[in-house]
Amino acid sequence: MKARVLVADDDAGVRYTLRGLLEDDGLTVEEAVDGEAALARLEQEPPVDLVLSDLRMPRVDGMELLRRVAARPHAPRVILITAHGSERHAVEAMKLGALDYFRKPFDVDDVLAVVRRALGMVRLEAENERLSGEVNLLRSLVFVSPSMARLALLIQRVGPRDVTVLITGESGTGKERVAEALVRASPRADKSYVRFNCAALTPELAEAELFGHARGAFTGAVRARPGLFREASGGTLLLDEVGELALPLQAKLLRVLQEGEVRPVGEDRSFPVDVRVLAATHRDLPQRVAEGRFREDLYYRLKVVTLQVPPLRSRPEDIAALARHFLARHTERFHMPPVPLTPALLERLTAHAWPGNVRELENALESAVVLSADGTLDLELLPGGTSAATPQANTGATLREKLDAHEREIILAALAASKGQRTETAKALGIGRATLHDKLRKHGLLNEGEEPEQ
């Protein structure tokens, strides 16, 4: 792809000359009649790689343009065009972040040398950023797909900037791992990192856990607690499954984000906190806003930046890398001989839709490793197999029977992933505990003599 250069100069003759020179060198060139027009262009897509700006222009001059461009996130690099005798201004511009400069009247070879050197630096910086982002995310997640590489780049860009980030994606995609990568890329990396599952507690207990409480504030409050916001002060707080937060707590969370202080339950005073908030959810928050189940003002407060973690079915090229990783992890864990990723195994894995995403894939491989023998993986133990562990409807089965068999398989995978914790299983499946118990009874998965919850 050609590099894109924006030439900002109020002299049409200079713009015409530079456009011809740079286009002949294989670049895409756009023009701006002054600094204000240049700033307006930089608000648009596609992004510009390099800005060539005259020092003296009406409305917004080259120095002011440089200051305002340098303050932008992921700003293009700037080269200034100065008049003869303006070396003092050129030195000042370099201190403000200009990459280089050349003088008018300019020599063609000098201009090309400066621009080529600048674009070489831009490409090198972009490649370093990309590699740094991938290395950072690879410490938490295994991937080779372009969509995850793009996510890694966005993490590297937003991580150092102290803004609230909303991480969205289906259950099992690795949203917590993305949060960990954001923390590592943050200036707060060496400070507290606190995680809270918004679906794990009743609203009353969640309020006390998040914001703290005074001694005697409620039954069982035998001592005061500062709360997770104060524990995380100076660092980062991850609000996992934020879509499950009760509406009264949403209002209190919004006040904390707006005012930077918390008031514990039973206290008559507030305490300042300095916390970077990350939020994660598998819910469709705009839909919950439309339904009146999530505050619109809180939604916009949380989504300063939104990172979407793609589902596994949209990046099948990651399945092989993930499978090798999980096979190595679990054979080592259970002191078993290595299991190769054979073509037949890979074909079975890539044929499955993985509704439970990476979590389901890991659980399926862990189960298959445990139940296999002699270092050979029994393919019938994997989703779509015909063993007792994963029954498959026969070819004459009705659609309802096939759907029931698939539902049973998904529930088994979720139960294994949560190590039998039914509250966690219900949350991962997006259903209530009572609904989960109904489905366990339907599929014959309740323990003997156990009655379903009402």
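Residues numbered from 1 in each chain as written. Predicted model: local features only at pLDDT ≥ 70, side-chain atom pairs only at ≥ 80, totals over all residues. Heavy atoms only, no water.

## Structural notes on the overall build of the protein
Okay, so step 1: On a plain count of helices and strands, the protein comes out with 18 helices and 12 strands.
Okay, so step 2: For the protein, the residues scored as buried account for 45% of the 454 residues in total.
Okay, so step 3: Restricting the contact set of the protein to residue pairs at least 6 apart, pairs at least 24 apart contribute 66%.
Okay, so step 4: When the accessible surface of the protein is split by element, carbon and sulfur atoms take 51% of a total near 22800 Å². (Helix = DSSP H or I, 4+ residues; strand = E, 2+ residues; numbered from the N terminus. Buried < 20%, exposed > 50% of the residue type's maximum accessible area, 1.4 Å probe, protein only. Contact = heavy atoms within 4.5 Å. Areas by Shrake-Rupley, 256 points an atom, 1.4 Å probe, with all protein chains shown as cover.)

## Some remarks on the environment of Val358
Okay, so step 1: Checked against the element boundaries, Val358 lands in helix α15 (residues 357-371).
Okay, so step 2: Owing to a relative accessible area of 12%, Val358 belongs among the buried residues under this scheme.
Okay, so step 3: Separated by 217 residues in sequence, Val358 and Leu141 have C-alpha atoms that sit 9.7 Å apart.
Okay, so step 4: Residues contacting Val358, with those up to four places away along its chain left out, are Gly172, Thr173, Leu312, Arg315, Leu322 and Phe326.

## Some details on the side chain of Thr168
Okay, so step 1: Note that Thr168 resides in strand β6 (residues 165-168).
Okay, so step 2: Since its relative accessible area comes to 12%, Thr168 is described here as buried.
Okay, so step 3: Side chain to side chain, Thr168 and Gln308 meet in a polar contact 2.6 Å long.
Okay, so step 4: When sequence neighbours within four positions are dropped, the list of residues in contact with Thr168 reads Lys175, Thr281, Thr306, Leu307, Gln308 and Val309. (Polar contact = N/O pair within 3.5 Å; in protein donor to acceptor, adjacent residues only side chain to side chain.)

## Regarding the pattern of salt bridges
Okay, so step 1: Per the stated rule, a full pass over the model turns up 30 salt bridges.
Okay, so step 2: In this structure, Arg177 and Glu176 form a salt bridge, with 3.9 Å as the shortest nitrogen-oxygen distance.
Okay, so step 3: When its relative accessible area of 29% is taken as the criterion, Arg177 is described as partly exposed.
Okay, so step 4: Owing to a relative accessible area of 29%, Glu176 belongs among the partly exposed residues under this scheme.
Okay, so step 5: A salt bridge links Glu231 to Arg225, with the nearest nitrogen and oxygen atoms 4.0 Å apart. (Salt bridge = Lys/Arg side-chain N within 4 Å of Asp/Glu carboxyl O.)

## Some details on the nonpolar core
Okay, so step 1: Counting 31 residues, the largest nonpolar core has Leu210, Phe211, Phe229, Leu237, Leu239, Leu253 and Leu302 as the members making the most contacts within it.
Okay, so step 2: The set of elements that each furnish at least two residues to this core consists of β7 (193-197), α8 (203-211), α9 (228-231), β8 (236-240), α10 (247-259), β11 (276-281), α11 (285-290) and α12 (296-302).
Okay, so step 3: At five residues, α10 tops the list of elements feeding residues into this core.
Okay, so step 4: Leave out the neighbours within four places in its chain, and Leu302 touches Thr164, Val165, Leu166, Val242, Leu257, Val277, Ala279 and Phe294. (Core = buried A, V, L, I, M, F, W, Y, C linked by side-chain atoms within 4.5 Å.)

## Digging into the confidence of the model for the protein
Okay, so step 1: The predicted model of the protein has a mean per-residue pLDDT of 84, with 88% of residues at 70 or higher.
Okay, so step 2: Throughout residues 386-396 the model reports pLDDT below 50, and contacts reaching past four residues in sequence, or to other chains, amount to 20 contacts. (pLDDT = per-residue confidence, 0-100.)

## Focus on the sheet that holds strand β1 (residues 4-8)
Okay, so step 1: Read from one edge to the other, the open sheet built from five strands follows the order β2-β1-β3-β4-β5, with strand pairing classed as parallel. Since the sheet does not close on itself, it has two edges, and those belong to β2 (28-32) and β5 (100-104), each with one partner. On average, each strand axis in the sheet is inclined to that of its neighbour by 20 degrees, with strand direction left out of account.
Okay, so step 2: In terms of strand pairing, strand β3 (residues 50-54) meets strand β4 (residues 77-83) through five bridges, oriented parallel. (Pairing = 2+ DSSP bridges. Axes fitted to C-alpha atoms, helices over the stretch in contact; angles between N-to-C directions.)

## Looking at the sheet that holds β6
Okay, so step 1: With respect to topology, five strands assemble into an open sheet ordered β7-β8-β11-β6-β12, the strand pairing being parallel. Each having just a single partner strand, β7 and β12 (305-308) make up the two edges of the open sheet. Neighbour to neighbour, the strand axes of the sheet diverge by 20 degrees on average, direction disregarded.
Okay, so step 2: Taken together, the four bridges between β6 and β11 define a ladder with parallel strand orientation. Residue pairing across strands places Thr168 opposite Thr281, the latter belonging to β11.
Okay, so step 3: Contacts from helix α6 (residues 146-158) reach β6, β11 and β12 within the one sheet, and its direction differs from that of β12 by about 155 degrees.

## Re the packing of helix α13 (residues 317-333) against helix α14 (residues 343-351)
Okay, so step 1: The N-to-C vectors of α13 and α14 enclose an angle of 115 degrees; their axes lie 10 Å apart at closest approach. Regarding α13 and α14, the two cross each other, and that crossing is right-handed. Facing Ile319, Ala320, Ala323 and Leu327 of α13, the residues of α14 in contact are Leu345, Leu346, Leu349 and Thr350.
Okay, so step 2: Grouping the amino acids of the contact of α13 with α14 by side-chain chemistry returns seven nonpolar, one polar and no charged. (Left-handed = near helix turned anticlockwise from the far one by under 90°. Nonpolar A, V, L, I, M, F, W, Y, C, P; charged D, E, K, R; others polar.)

## Description of the pairing of β11
Okay, so step 1: The buried fraction of β11 amounts to six of the six residues, a majority that puts the element mostly inside the structure.
Okay, so step 2: Neither face of β11 is open: one carries Arg276, Leu278 and Ala280, the other Val277, Ala279 and Thr281, and all of them are buried.

## Observations concerning the layout of surface pockets
Okay, so step 1: By volume, the second largest pocket is sized at about 970 Å³.
Okay, so step 2: Gly172, Arg177, Arg359, Glu362 and Ala417 are the residues nearest the centre of the second largest pocket, which is lined by 35 residues in total.
Okay, so step 3: Only α7 (175-184), β7, α13, α15, α16 (399-417) and α17 (422-429) provide two or more residues apiece to the lining of the second largest pocket.
Okay, so step 4: Per element, the largest residue contribution to the lining of the second largest pocket is six residues, and it comes from α13.
Okay, so step 5: Of the residues that constitute the lining of the second largest pocket, the class distribution is 10 nonpolar, 11 polar and 14 charged. (1 Å grid on protein atoms, 1.4 Å probe; cavity = no way out; pocket = protein on both sides within 12 Å on 5 of 7 lines; lining within 4 Å. Points joined across faces, edges and corners; volume = space filled by probe spheres on them.)

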